[in-house]
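One-letter residues, chain by chain:
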Amino acid sequence: MPCENYREALIEAAAVDARLSPELRAHLDACTSCRASFVEETQLFAAIDTGLRTAANAEVPPSFFPGVRASLLDDSASRRGWRPFLIFAAAAVAMALTVLITARPRHTIKDNQAKQIFSASPREKTEASAREASGTRAILASSHSYRTPHERNTAPANSASLHVMDVLVPPEEREAFARFITSQPGRSGVVIAVVAAATENQDNRLSVEPLEIAELEVKPLEALASEVPDGTEEEQ
Amino acid sequence: MQELVLIPPVRAAEKEFAQEAAQAALRREFEERLAECGPLAYRIARGVLRNNADAEDVAQEALLRAYRRFEGLRDRGRFRAWLVRIAFRLAIDRVRSSKRRQVRETLWSETSSRPSTEDLAATSEFQAYLDRAMDELPDKHRLVLLLGAIEGHSLEEVAEMLSLPVGTVKSRLFFARKQLAEKLRCHVKTIEKR
């Protein structure tokens, strides 16, 4: 058993394989136990180093270099093989994008603009004046205005789907109509348009053409009486 | 008016030839590095994995990666340092994944993970303890220890390969050897008593 004071110093000296300090050397000369311990430690580190060198400097197997070269060749070939495919894939993606952009429907209207009241065409304007005159406030619902996002992203299956459908709903029937539309699946856009009341601003946009009345000619009554064709004035 | 430039086919062929020549030069240069550093990559992997086939696989993978990035690793010292790190990292990853697999297989089959008789016969008892003790070292200590043992690298060479100061390498080496000694001391005494 080494002396406790020198134990660590002995291990460190054996580990670094350095020259011993004069103090330690003097102690080893005097202490048999420490000397034996130092020899043991030195042997242990030597065994560790030998073991490490044996494990670390293993012979490289003859198959190693040919294997590396083969894998390098494989890698180069596979990378060359991918290049035309990547070019083709890029061209295909570009073509698909072009087709998608050109085939996209252009007349898409946002959902918040779905409620277009009496502002689309002169035909609708005339209809609006007629409804105004009859005291009926109506909401115009055009089917193409309420296309769902899914419908907007797909090309129309046929031209009939773009047909403008006008729905004239009097105020007293609006609620019932909204209930009916709610019961129809996939028509939420229409329901929003029906339930929302037409704003005053939109009504103000209506312009009523002033009546064109021909120039009036005012004549005194006496003159009218003298114009009686039966000749009574002459008689008086 | 636009200028129309016609490239004669001879010039295109020349360009292609120059490209091929550059590729060939690159391959030759890599071959040189392979001969010089290939064994180092293999030995690092072998030192971690202690299995020839696995070490070969890992070293091949490391060299393949080095080849892919060879344009940026043409400097001799840089190539060596990069290869050392990547080989060690790949080997450590392989050990960890095989340990996970072993744990999974043990859970399924409930077999003991004791070394086989062949393993015991192939390595001496001390070497087996040393291998186990090495596995328990932190990665940074283990790499320094391995590089110091491989091909008799000096402290300066190890420091250059790991881009570390010599003092750091020295202290890591010291602590690594001390830890190994602590783990192996009792086993050595047991072996000696028999």
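A few points on the structure.

Parameters at a glance
- Residues numbered from 1 in each chain as written.
- Chains lettered and ligands numbered in written order.
- Predicted model: local features only at pLDDT ≥ 70, side-chain atom pairs only at ≥ 80, totals over all residues.
- Helix = DSSP H or I, 4+ residues; strand = E, 2+ residues; numbered from the N terminus.
- Buried ≥ 20, exposed ≤ 12 C-beta atoms within 10 Å, placed from the backbone.
- Contact = placed C-beta atoms within 7 Å.
- Nonpolar A, V, L, I, M, F, W, Y, C, P; charged D, E, K, R; others polar.

## Looking at the overall build of chain A
Then step 1. Broken down by element type, chain A carries 11 helices and 0 strands.
Then step 2. Put simply, chain A runs from its N terminus to its C terminus through helices and strands in the order α-α-α-α-α-α-α-α-α-α-α.
Then step 3. Looking at chain A as a whole, 16% of its 236 residues are labelled buried.

## Some details on the overall build of chain B
Then step 1. When you go through chain B residue by residue, the secondary structure sums to 8 helices and 0 strands.
Then step 2. The linear arrangement of helices and strands in chain B, starting from the amino end, is α-α-α-α-α-α-α-α.
Then step 3. Counting every position in chain B, which comprises 194 residues, the buried fraction comes to 28%.
Then step 4. A sequence separation of at least 24 residues applies to 65% of the contacts in chain B between residues at least 6 apart.

## Notes on the environment of Ser171 of chain B
Residues and elements named next belong to chain B.
Then step 1. Relative to the assigned elements, Ser171 resides in helix H8 (residues 166–193).
Then step 2. With 13 C-beta atoms packed within 10 Å, Ser171 lands in the partly exposed category.
Then step 3. C-alpha of Ser171 to C-alpha of His141: the two residues are 30 residues apart in sequence and 9.4 Å apart in space.

## Observations regarding the interface of chain A and chain B
Then step 1. Taken together, the contact between chain A and chain B spans 23 residues of the former and 31 residues of the latter.
Then step 2. Taken together, the elements giving at least two residues each to the side of chain A that touches chain B come down to helix H1 (7–16), helix H3 (32–56) and helix H4 (64–103) of chain A.
Then step 3. The element contributing the most residues to the side of chain A that touches chain B is H3 of chain A, with 9 residues.
Then step 4. Taken together, the residues of the side of chain A that touches chain B sort by class into 17 nonpolar, 4 polar and 2 charged.

The quantities given are spatial measurements derived from coordinates; they are silent on function.
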